[in-house]
Structure formats: C-alpha cells, structure tokens
Amino acid sequence: MPEKKRKRESNGKAERPLKKVAVADPSTSGTVKFSLLQDTNEWTPLLAATPGFSLPLKTVFKPYTKPRSQTPQSSLPSKELLLHNSTHPKLDYVAREEETEKGQELMKHYIGLYDPTQETLQLVPARKVIVRSTLKASTAPLPQSDDETDAPNDISARNTLGLTFGTKKSQKAIRSLTENAISPSKTKAGGALDAAANVVMDSMAASTADMPSREEMQAEVTSNKPIPTPNLEAETPAEVYTLDSLVGLQALRSMQVKEWIDKENAGEEVTTRSRFVSSRIAGLVKADEVKKLKALKYLLLLVQWYLALRKGKSMLLVPKKEGWEKVLPGWDKESIAAVGRRFTERGGFELNKWHANLLLTHVLAIALVIDNFNIDTHDIREDLRLDHKEVSTLFAELGAPLTPPTEAELKKLKLSKTDAKKSGHHIARLKLPLKFPKMRILGARGSRR
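Residues numbered from 1 in each chain as written. Predicted model: local features only at pLDDT ≥ 70, side-chain atom pairs only at ≥ 80, totals over all residues. Heavy atoms only, no water.

Structural notes on the sheet that holds strand S11 (residues 374-376)
The sheet built from three strands is open, its strands ordered S11-S13-S12 with antiparallel pairing. Looking at strand neighbours, the two that pair on one side only are S11 and strand S12 (402-403), the edges of this open sheet. Two strands pair when backbone bridges link them, and S12 and strand S13 (residues 427-429) are joined in this way by two bridges, in the antiparallel orientation. Counted as the bridge partner of Thr403 is Ile427 from S13. (Pairing = 2+ DSSP bridges. Helix = DSSP H or I, 4+ residues; strand = E, 2+ residues; numbered from the N terminus.)

Spelled out as structure tokens, the structure:
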C-alpha cells in the first residue's frame with residue numbers, strides 16, 4: 001500500500017490554529033443578567049427597511065398614530081404607526097408597518113441592549129416598518145375632510161414599484177423624472193407665478209424669440225414648391241401671375257405669330273396639336289391680343305415638349321439634341337434648348353417629379369392668364385393627358401381650386417350639369433385673397449382614434 005503523506009513538519013515552531021479561540025475578559029465573571037420588557041403597545045424602537053433606494057442618514061421623521069381596525073388574524077399592534085418626512089425637495093418619505101407573510105404571524109422583533117459594566121442584556125420589543133418614497137409632483141391631492149380616505153396615486157405607485165423591483169436602467173429613468181419634476185403651482189388661476197415658473201417662462205421666451213411664425217413658415221414652404229413664384233402682395237388676380245414672369249421677355253420675342261394672324265385674317269382655320277391652343281387662336285387674333293398670342297404659342301411649345309418626353313424608371317427622359325428635329329418639327333433649336341435649360345436640372349436629360357410639376361404648373365398658369373383667370377380645365381387636361389385628380393392638385397397649388405361650372409357657364413358650354421360632370425368640365429378660378437394648400441403639421445402620436 002502507498003504510504004500516506006505526512007503533514008509538513010513545523011521545525012519546532014508552534015502552528016497558528018485555524019479557529020479563533022475565545023478569550024475571557026478578566027474584568028467580567030462570564031455571567032450576563034437577561035431581562036425582557038413587555039410590549040405595552042406604546043412607543044418602541046423601530047427597525048426600518050428601505051427596499052430599492054438609499055435613505056439619507058440624517059432624515060428626521062414625524063410620527064403619527066391612530067387606532068387600527070383589527071382583524072382576527074392580524075399580526076400588527078392595535079395602534080397604527082406612520083412616519084412621514086417631507087424635507088426633501090423632490091421626494092416624500094413614508095414609513096409604515098406591513099402585514100407579515102403567511103406562516104410568520106407569530107414572528108416578533110426585538111432589540112438587545114447590552115451594558116458591559118453591569119453585565120446586563122435587556123431585550124426591547126421593536127416594530128418593523130417599510131420606508132417608501134413618492135414623487136412630490138405625482139402625489140394625490142389631500143382630502144378635503146377627515147372622513148375621506150387617502151386614495152393611492154397610480155403614477156406614484158408605479159414609480160415606487162419601479163424603484164423597488166425595476167432594473168437599474170428603469171430606476172435611473174424614474175430618478176431622472178424626479179429630479180426634473182415641476183411641482184404644481186399653489187397659486188390660483190390668474191395669480192402671480194412663483195420664481196421657478198418665471199425662470200422657465202423667461203427661458204422659453206428667449207428660445208422661441210427667433211422662431212418663424214406660421215405665416216412665415218407657410219411662405220417659406222410656398223416658395224420651395226414647384227410652382228411659378230406668385231405675387232403675394234397683388235391687389236388684382238392679373239398681378240399674381242404675369243406673362244413676363246411666366247414666359248420671359250426673351251421667349252416672348254422669339255415666338256413668331258404672324259402666320260397665325262395672316263391665316264385668321266384670310267379666313268383660314270389654324271389647327272395645332274393642342275385642343276386648348278387651337279380653340280383660342282381666333283378669339284385672340286380678333287381681339288388683337290398679340291402678347292397673349294405669343295404666350296399661347298409658347299404654351300404650345302411646352303405642351304409638345306412635355307409630350308415628347310419618354311418615361312423612365314423614376315424620371316422622364318429628355319430626347320437628345322439630334323432627336324428633337326423628328327419629335328418637334330417646325331420649332332427652332334434655340335427655343336427647344338431654352339425649355340430644356342429652364343425645366344431640367346442643370347440642362348440635363350432627365351426630368352424628376354419636382355421639375356415635371358414645375359413645367360406643368362407653368363403651362364396651367366399661362367392658360368389661366370390667357371383665359372383671364374377663369375378657365376375650363378377640360379381642353380388643357382386632355383392636351384397634357386392628365387387625370388382629374390392631378391389637374392385639381394396642380395391648380396390648387398397655384399391658388400385656383402376647381403369648382404363645378406355655374407349655370408351661365410353651362411349655357412356657354414351648351415352642356416347640362418350631368419353632361420359636364422361626366423365629360424370632366426371643371427372651372428379653375430383665381431381669386432383674392434390667395435389661398436394655397438395649408439402646410440401639414442403632424443400631431444402627437446396617439447391623438448387619432
């Protein structure tokens with residue numbers, strides 16, 4: 001058999017014992033006198049537990065007592081004891097006794113007082129209380145009469161549970177709410193604000209002093225929309241959009257309308273690829289409206305230029321320079337190129353949604369001016385191959401919402417109300433004051449039901 005390992009020799013030195021040896025105090029005899037004070041249900045020492053938070057050591061509580069409604073199985077004394085402290089700027093501390101768990105009804109608490117000089121040990125009955133904290137800003141209002149009982153506050157109860165059983169992250173969030181809580185004002189409605197409220201109001205005024213007003217924000221939104229720039233200070237509809245701004249002086253000079261005028265004066269009918277343009281040439285020639293005729297020809301160029309675009313995945317594709325002669329015969333290259341430079345980004349070969357709407361709103365605004373700001377949208381909608389919803393949206397952005405034709409307009413169109421609705425005849429009117437679609441302001445989440 002293998003030999004057992006022997007302990008290492010101490011070389012003559014005394015080994016230190018593993019257990020501590022109790023050494024008797026020579027000044028004492030080793031006998032302690034024991035005594036127990038009876039519970040008289042009067043003031044006794046307290047054992048306080050603070051679950052979930054640290055209580056400052058110098059916290060002073062004010063005690064309150066009242067008779068308790070006893071139940072046969074209650075383990076609590078007949079007098080209810082409550083401790084309260086409100087010196088903290090944000091928190092209220094409340095300490096009270098709670099029922100023991102089932103099976104521990106006979107458990108009692110004692111505090112031992114040992115006097116080494118007299119060699120006496122005195123056990124004193126003690127009460128165990130649980131200290132809870134609540135936010136001052138979330139506490140329930142005090143009852144108006146003594147008969148009313150205190151109702152628990154949902155917010156404070158939830159915060160107490162969070163501080164007691166919550167994670168470190170949730171406890172930190174609750175403490176942050178406590179630190180930033182604003183106590184309800186004690187002044188009546190219309191009364192003077194306290195110092196804290198005045199500071200908050202002053203800081204709010206300073207931070208919002210440079211904020212734009214709703215009207216300024218609406219004007220900023222309107223200026224960034226893909227529409228011609230309207231004259232917001234106009235006194236008549238004719239001053240809102242002008243041909244000089246919609247077409248441009250250079251483009252107006254380049255539009256040649258002598259051929260149209262000569263044919264109309266000779267009794268020949270002028271036809272174009274636009275229903276809107278063809279139906280208005282004769283009236284403008286008869287009224288000697290040369291400037292409007294030039295604008296009408298520019299509108300024809302814009303319509304044909306728009307219809308020549310090809311649809312891409314997310315944009316409209318502009319034909320290359322050599323392809324315009326086949327697509328738009330009869331138009332000079334410079335006028336075609338000028339349209340491309342004006343309504344494409346940096347004169348490129350793609351038209352995104354914003355630039356396409358800019359082109360369409362210019363066409364509709366020119367049509368409004370030609371028809372004296374009261375236009376039947378049927379012909380121009382058919383020319384641009386748009387549906388009613390698209391045309392309605394574009395005219396609304398210009399400040400000319402669509403309305404059904406009046407009785408006088410129905411007689412002029414030689415249509416009944418039903419026929420006008422079926423065929424898509426709507427009237428766009430530009431009136432003052434201008435009314436544009438209002439800026440959308442999103443509300444708080446959960447406001448809709």
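So, the nonpolar core
Trp260, Tyr298, Leu299, Trp305, Ile366, Leu384 and Phe395 are the most contacted members of the largest nonpolar core, which totals 67 residues. A total of 12 residues in this core trace back to one element, the largest contributor, which is helix H13 (residues 353-370). If we ignore the near neighbours within four places in the chain, the residues touching Leu384 are Val303, Tyr306, Leu307, Leu360, Val363 and Leu364. Leu81, Leu83, Val129 and Val131 belong to the second largest nonpolar core, which has nine residues in total. (Core = buried A, V, L, I, M, F, W, Y, C linked by side-chain atoms within 4.5 Å. Buried < 20%, exposed > 50% of the residue type's maximum accessible area, 1.4 Å probe, protein only. Contact = heavy atoms within 4.5 Å.)

Observations concerning the side chain of Glu397
On the secondary structure map, Glu397 appears in helix H15 (residues 388-397). Only 2.9 Å separates the side chain of Glu397 from the side chain of Lys225, close enough to count as a polar contact. Filtering out sequence-adjacent residues up to four positions away, Glu397 remains in contact with Lys225, Ile227, Phe436 and Pro437. (Polar contact = N/O pair within 3.5 Å; in protein donor to acceptor, adjacent residues only side chain to side chain.)

Re the sheet that holds strand S10 (residues 350-351)
In a beta sheet, neighbouring strands pair by backbone hydrogen bonds and run either parallel or antiparallel. The strand order across the open sheet built from three strands is S8-S9-S10, with neighbouring strands paired in antiparallel fashion. A strand with exactly one partner marks an edge of an open sheet, and here the two such strands are strand S8 (310-311) and S10. One ladder, built from two bridges, connects S8 with strand S9 (residues 316-317); its direction is antiparallel. Within S9, the residue paired with Lys311 across the bridge is Leu316.

What about the side chain of His426?
By the secondary structure assignment, His426 is in the loop between helix H17 (417-423) and S13. Given the relative accessible area of 17%, His426 is considered buried. Setting aside its immediate chain neighbours within four residues, His426 contacts Ile375, Asp376, Thr377, His388, Leu402 and Thr403.

Topic: unusual backbone geometry
The omega torsion across Leu432 and Pro433 is 0 degrees, close enough to zero to call that bond cis. The backbone phi angle of Glu119 is positive, close to 55 degrees, even though this residue is not glycine. Its place among the elements puts Glu119 in the loop between strand S6 (109-115) and strand S7 (120-135). The class of Glu119 is buried, set by a relative accessible area of 14%. Within the chain, Phe373 stands out as a residue other than glycine whose phi angle is a positive 65 degrees. Relative to the helices and strands, Phe373 is located in the loop between H13 and S11.

What about the packing of aromatic side chains?
This structure, assessed with the given rule, holds two aromatic pairs. Ring geometry for Phe53 and Tyr93: centres 5.9 Å apart, planes at 20 degrees, overall stacked. Here Tyr93 lies in strand S5 (residues 91-96) and Phe53 lies in the loop between strand S2 (46-49) and strand S3 (62-67), a separation of 40 residues in the sequence. Given the relative accessible area of 14%, Phe53 is considered buried. Residue Tyr93 is classed as buried on the basis of its relative accessible area of 4%. Plain terms: the ring middles of Trp305 and Trp324 are 5.6 Å apart, the flat faces sit at 15 degrees to each other, and that makes the pair stacked. Of this pair, Trp305 sits in helix H10 (residues 290-307) while Trp324 sits in helix H11 (residues 324-327), and the two are 19 residues apart along the sequence. Grouping residues by exposure puts Trp305 and Trp324 together as buried. In this structure, Lys297 is placed above the aromatic ring of Trp331, and the distance from its NZ or CZ to the ring centre is 5.8 Å. (Phe/Tyr/Trp six-rings, centres within 6.5 Å; stacked < 30°, edge-to-face > 60°. Lys NZ or Arg CZ within 6 Å of the ring centre and 35° of its normal.)

Overview of helix H12 (residues 333-343)
Considered for burial, the residues of H12 that qualify are Ser335, Ile336, Val339, Gly340 and Phe343. What you see down the axis of H12 is that its buried residues fit within an arc of 140 degrees, all on one side. Looking at H12, the residues exposed on the side facing more than 90 degrees away from the buried face are Lys333 and Glu334. Each element contacted by the buried residues of H12 is listed here: helix H6 (249-254), H10, H11, S10 and H13. (Arc of directions from axis to C-beta.)

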